[in-house]
Amino acid sequence: MATITVNGARREIQAPNDTPLLYVLRNDLELSGPQFGCGLAQCGACSVLLDGKEIRSCITPLSSAVGKEVTTLEGLPARWAQQKGLSKADAEKTLHPVQEAWIEEQTPLCGFCQNGMMIKATELLERVAKPTVAEIKEAFTTSGPSAHLCRCGSYTAIIEAVQRAATVMGEG
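Keep in mind it's a predicted model, so treat the numbers as computed, not measured.

**Q** Sorry, what's going on with the nonpolar core here?
**A** In globular proteins that are soluble, nonpolar side chains generally tend to be buried together. Judged by nonpolar contacts, the single largest core of 25 residues is most densely connected at Val-98, Trp-102, Met-117, Leu-125, Phe-140 and Val-162. Broken down by secondary-structure element, the contributors of at least two residues to this core are α2 (76–84), α4 (97–104), α5 (114–127), α6 (133–141) and α7 (155–171). With 7 residues, α7 is the single largest residue contributor to this core. Those residues within four positions of Val-98 in sequence are excluded, and the remaining contacts are Met-118, Ala-121, Thr-122, Leu-125 and Ala-165.

**Q** Just checking my understanding: could you explain the layout of surface pockets for this structure?
**A** Any empty space left between atoms is shown by rolling a water-sized probe over those atoms. Roughly 170 Å³ of volume is contained in the largest pocket. Considering the residues around the largest pocket, the lining is formed by 14 residues, among which Phe-112, Cys-113, Leu-149, Cys-150 and Arg-151 are closest to the centre. Tallied by class, the residues present in the lining of the largest pocket amount to 10 nonpolar, 3 polar and 1 charged.

**Q** Just checking my understanding: could you explain the side chain of Arg-56 for this structure?
**A** As for its position among the elements, Arg-56 is in strand β4 (residues 53–56). Within the local environment of Arg-56, its side chain forms a polar contact with the side chain of His-148, the two groups lying 3.4 Å apart. Excluding residues within four positions of it along the chain, Arg-56 makes contact with Ala-41, Gln-42, Cys-43, Gly-44, Cys-46, Ser-47, Pro-145, Ser-146, Ala-147 and His-148.

**Q** Would you take a moment to explain the environment of Gly-44 for this structure?
**A** Within the fold, Gly-44 resides in the loop between α1 (21–28) and β3 (47–50). For the pair Gly-44 and Gln-114, spaced 70 residues apart in the sequence, the C-alpha separation amounts to 9.1 Å. Excluding anything up to four places from it in sequence, Gly-44 contacts Arg-56, Gly-116 and His-148.

**Q** Can you help me understand α5 in this one?
**A** The periodicity of an α-helix, 3.6 residues per turn, causes residues three or four positions apart to be oriented the same way. Look at α5: 20 Å from first C-alpha to last across 14 residues, which is about the 20 Å you get at 1.5 Å a residue. Across the 14 residues of α5, 12 count as buried, placing the element largely inside the fold. Where α5 is concerned, the buried positions are Gln-114, Asn-115, Gly-116, Met-117, Met-118, Ile-119, Lys-120, Ala-121, Thr-122, Glu-123, Leu-124 and Leu-125.

**Q** I would appreciate a short explanation of the sheet that holds β3 in the present structure.
**A** Within a sheet, neighbouring strands are paired by backbone hydrogen bonds and run either parallel or antiparallel to one another. Reading across the sheet, the 5 strands line up as β2-β1-β5-β3-β4 and stay open at both edges, with mixed pairing between neighbours. Sheet topology places β2 (9–13) and β4 at the edges, where each strand pairs with a single neighbour. Mean inter-strand twist for the sheet, computed between neighbouring axes without regard to direction, equals 40°. Bridge count between strand β1 (residues 2–6) and strand β5 (residues 69–71): 2 bridges; the pairing is parallel. Pairing of Val-6 across the sheet is with Val-70, part of β5. Strands β1, β2, β3, β4 and β5 of the sheet are contacted by α1, whose axis makes an angle of about 75° with β1. Those strands touched by α5 are β3, β4 and β5, and its axis lies near 30° from that of β3.

What counts and what doesn't
Residues numbered from 1 in each chain as written. Predicted model: local features only at pLDDT ≥ 70, side-chain atom pairs only at ≥ 80, totals over all residues. Heavy atoms only, no water. Core = buried A, V, L, I, M, F, W, Y, C linked by side-chain atoms within 4.5 Å. Buried < 20%, exposed > 50% of the residue type's maximum accessible area, 1.4 Å probe, protein only. Helix = DSSP H or I, 4+ residues; strand = E, 2+ residues; numbered from the N terminus. Contact = heavy atoms within 4.5 Å. 1 Å grid on protein atoms, 1.4 Å probe; cavity = no way out; pocket = protein on both sides within 12 Å on 5 of 7 lines; lining within 4 Å. Points joined across faces, edges and corners; volume = space filled by probe spheres on them. Nonpolar A, V, L, I, M, F, W, Y, C, P; charged D, E, K, R; others polar. Polar contact = N/O pair within 3.5 Å; in protein donor to acceptor, adjacent residues only side chain to side chain. Expected span 1.5 Å × (residues − 1). Pairing = 2+ DSSP bridges. Axes fitted to C-alpha atoms, helices over the stretch in contact; angles between N-to-C directions.

As structure tokens, this is what we get:
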């Protein structure tokens, strides 16, 4: 049995330590944000934050999450609320600025890759307050184990959403 913290809640998991974290998140904890894409860390659909750093949960063993904070797409609003010191009541009715920007820019086409895109955008914006277009492109293409892939080609909308989120986060 392993104890992990996911989206701020400690969870007891009864799975072998080498179970991919993605399987635990989706099957045991019933979180639908992280997606199974390639299973080889090559597409980014399964991305989550592990202590604030984007990882590919399809190849990360459960044991790697013990003692660390896992944040999924579902946990982004609470992460933002905590960072901004919002009350519990306000936190329950807020979205993370990255999620808001994705909605405002109507970024997703099919939406399958968007979990990983939003996770990567969050990681980037927590490190770089006002990233340039070049920094945004680098974050999505060369800063991780492999590029984040969008089969629909909504890359321009993704860049615009990251820029919008950066503006909101800078104001917030």
